[in-house]
Amino acid sequence: MAERVRCVSPVGIAKPVGLHPLAPRLDRLDGKNICLSICGEPDITIPLEKRLKNDYPGVNWTLKKTYGINPVRLSEEEIKTTDALIQGVAW
Amino acid sequence: MWGQLPYAADLEKAGVPTVVIDFEDQNNMVMEECLRQGVPGIRHIHASRTLAGPEDVDRMIGPIVQALTSPLIDKEKGAGLWEPNANRIIFEGTMDEAEEFFNQTEWVPHPVNAPIAKFTDGLPVTIPTEARVAKMLKGTSHRPDELVTCQEDADDRAKGEPVLFHPMNWTATVEKVAACAVMAGCRPEYLPVVLAIAESGCYIASTHTFGQWLCVSGPIAKEIGMNSGCGMLGPGSIANSSIGRTYEIMARNLGGAIPGVNRMTSIGSPFEGSRCCAENADALPPGWKGLNEERGFPKDESIVLVIPHVNDGIRGVQFSPGGYRALQKSGHGGMARRLGVKGKPGPHNWLEYILPELWACREGSHSIVMVPEMARHLYEFGFKSKEAVYEWLWKKSFMPLKQYRNFSWVDLSTNGWMGIEHTSGKPWKELPDDYMVPAGGFDPSFFCIIVGGGDEEVSHQLSSHRHLNKDPFFSIDKWR
């Protein structure tokens, strides 16, 4: 009978992760404060900003913008008054 | 996903609905990152890599609005705890069965569309039996159950901080690193080097052609029989090859890195292998410090550099060896013509010859590997320290802003030209076209010289050792 071996796991230790539900969605867009958070890709984000403002004039659009890869975060105060956020483009 | 997914997850947890725009090939990565951030299933829309922006926005605008307004489905309302398997023993059975187990693959869909190894770098490994791992652990005084932590303070880490392995930010014990060392074919005496490499967290990010290579400096290189001579970054040396291989095996196992899922190097790189060499400290010209001393370690302390290699290529075939010798011996040939020293014997500054190429297509500083003879020529020419070479290279990199604007990466590094130019302290947009800016990186210390290799006159120029703005030096002796 072949000898049996026990093998040490090389796999890293992952902490258990507490899972959260998504935030409830909006019932409508009109009258809401929605932030467009831009990271680079102006070919997409410039026409996206124009189109959103044009198609949804009833929304109070706010903008956070960087050319880099880490978004400019909303402050704690801004989060309290922001109803939703569009994050683009993630890469 | 850099900072975008963690940000979206934080907002979802705070009750702010989000939608993320990404690319289709990054779907696997987004899903995994959402789970890691504790909000599985963050809604995301795929942008096109090829459609013009307005056309792409036409396509996306409806789904974006829907993602913000469409009521949650049951699985999006779920909460709970994700607990990964944490058993110390991963497999028990015969050796044949163990080989089958460790050589398992998993199908990775687009953008890979191929089976990918679950535990290895794709090559057969030595099975990490308890007995073999116990033997490997004799190579260090650290306890098997000790968590791998940072061994000293540095710019980007604090002593005692647990090392988080990239990309999943998992942690590891010394025993797990030893298991990876067994799998890579290491001998116990290599383990302190492997533990020092582990301290780096085995970073693998970037969607571009990204890899790493490793260079050992200090007495341990000779103690364990590393090759710092001919072919030091090539095959043949068990120490060089197996130590280099641990990087990938650790990235796969300790960091959970999977091609096409959470490591997205589009083409990949031969340096993802990874390769390890040693500095030839005995061949340094007088006054030139070893890598350990350059970083402030004592000459008798052993260290390893974990050097990122990005998509700016590997240069190193600019001149024929005979052409190099003709330059230095008698001032003949093409190199002498370019340098304007025809008929004049050396020493000549051969770096002049490669300058036009260094910043031809991309800005940035470089790690320059050179054989001992070429280092000696630079010394005889007048560079009495490595720092003098770094200073010369950096000053030579200055170019008019008008020219600097024509690189691609600078749009990103200047934050779309909204940032501050660091040599003047002024906003980029206020500087005139003829303002001279350094293409050779932040300052001269971003250059690095590694002396090693054989007798044939060759130099490689690769990415800066500080390309990621991380401190790439790790003490090996702390892990003995």
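All figures in this text were calculated on a predicted structure; none of them were measured in a lab.

### Regarding the overall build of chain A
Moving on, step 1. Check the secondary structure of chain A and you find 2 helices and 5 strands.
Moving on, step 2. When the helices and strands of chain A are listed from N to C terminus, the series reads β-β-β-α-β-α-β.
Moving on, step 3. Computed over the C-alpha atoms, the radius of gyration of chain A is 22 Å, more than 25% above the 12 Å expected from 2.2 N^0.38 for a compact globule of 91 residues.
Moving on, step 4. Over its C-alpha atoms, taken along the principal directions, chain A stretches across nearly 75 × 30 × 25 Å.
Moving on, step 5. Taking all 91 residues of chain A together, the buried fraction comes to 30%.
Moving on, step 6. Of the contacts formed within chain A by residues at least 6 apart in sequence, a portion of 81% connects residues at least 24 apart.

### A short note on the pairing of strand β5 (residues 84–88) of chain A
Moving on, step 1. Burial runs high along β5(A): 5 of the 5 residues are buried.
Moving on, step 2. Looking at chain direction, strand β3 (residues 33–39) of chain A and β5(A) are connected through 5 bridges and run parallel. Within the sheet, the bridge partner assigned to A:Ile34 lies in β5(A) and is A:Ala84.
Moving on, step 3. Bridge count for β5(A) against strand β1 (residues 18–23) of chain B is 4 bridges, and the pairing is parallel. Counterpart to A:Ile86 in the pairing with β1(B) is B:Val19.

### Quick notes on the pairing of strand β16 (residues 459–463) of chain B
All names here are of chain B.
Moving on, step 1. Counted residue by residue, β16 has 4 buried out of 5 residues, so it is predominantly covered.
Moving on, step 2. Two strands pair when backbone bridges link them, and strand β10 (residues 366–370) and β16 are joined in this way by 5 bridges, in the antiparallel orientation. Looking at the pairing, His366 lines up with Ser463 of β16.

### Observations regarding the interface of chain B and chain A
For interface size, the figure often reported is the accessible area lost on association.
Moving on, step 1. Each partner contributes residues to the interface: chain B has 87 residues there, and chain A has 51 residues.
Moving on, step 2. When residues of the side of chain B that touches chain A are assigned to their parent elements, the largest contribution, 9 residues, is made by helix α3 (residues 53–69) of chain B.
Moving on, step 3. Relative to strand β3 (residues 80–82) of chain B, strand β2 (residues 17–19) of chain A runs antiparallel, the two sharing 3 bridges. Considered in β3(B), the bridge of A:Val17 is made with B:Trp82.

### Thoughts on the packing of helix α6 (residues 174–184) of chain B against helix α7 (residues 191–198) of chain B
All names here are of chain B.
Moving on, step 1. In the contact formed by α6 and α7, the axes pass within 10 Å of each other and the chain directions differ by 115°. Our classification of the angle between α6 and α7 gives roughly perpendicular. Relative to α7, the crossing made by α6 is right-handed. Contacts from Val174, Val177, Ala178 and Ala181 of α6 reach α7 at Leu191, Val194, Leu195 and Ala198.
Moving on, step 2. Residue composition of the contact of α6 with α7, grouped by class: 8 nonpolar, no polar and no charged.

### Details of unusual backbone geometry
Moving on, step 1. Note that the residue after A:Gly88, namely A:Val89, is joined by a cis bond; omega there is 0°.
Moving on, step 2. The topology assignment puts A:Val89 in the segment after β5.
Moving on, step 3. In this model, B:Gly346 is joined to B:Pro347 through a cis peptide bond whose omega is 10°.
Moving on, step 4. Its place among the elements puts B:Pro347 in the loop between α12 (333–339) and α13 (351–358).

### Some words on the confidence of the model for chain A
Caution applies to low-pLDDT regions: their predicted coordinates should not be interpreted in detail.
Moving on, step 1. With 100% of its residues at a pLDDT of at least 70, chain A reaches an overall mean of 94.
Moving on, step 2. Taken element by element, the predicted model of chain A shows its lowest mean pLDDT in β2(A) (93) and its highest in strand β1 (residues 4–8) of chain A (97).

### Some details on the packing of helix α1 (residues 42–55) of chain A against α3(B)
Moving on, step 1. Relative to each other, α1(A) and α3(B) sit at 50°, their axes nearing to 8 Å. When the interaxial angle is binned, α1(A) and α3(B) end up oblique. When you trace α1(A) past α3(B), the crossing you get is right-handed. Here α1(A) contributes A:Asp43, A:Ile44, A:Ile46, A:Pro47, A:Leu48, A:Arg51 and A:Asp55 to the contact with α3(B), which in turn contributes B:Gly53, B:Pro54, B:Asp56, B:Val57 and B:Ile61.
Moving on, step 2. Classifying every residue of the contact of α1(A) with α3(B) gives 7 nonpolar, 1 polar and 4 charged.

Reading the values: rules and limits
- Residues numbered from 1 in each chain as written.
- Chains lettered and ligands numbered in written order.
- Predicted model: local features only at pLDDT ≥ 70, side-chain atom pairs only at ≥ 80, totals over all residues.
- Helix = DSSP H or I, 4+ residues; strand = E, 2+ residues; numbered from the N terminus.
- Rg over C-alpha atoms; globule rule 2.2 N^0.38 Å.
- Buried ≥ 20, exposed ≤ 12 C-beta atoms within 10 Å, placed from the backbone.
- Contact = placed C-beta atoms within 7 Å.
- Pairing = 2+ DSSP bridges.
- Axes fitted to C-alpha atoms, helices over the stretch in contact; angles between N-to-C directions.
- Parallel < 35°, antiparallel > 145°, perpendicular 65-115°, else oblique.
- Left-handed = near helix turned anticlockwise from the far one by under 90°.
- Nonpolar A, V, L, I, M, F, W, Y, C, P; charged D, E, K, R; others polar.
- pLDDT = per-residue confidence, 0-100.

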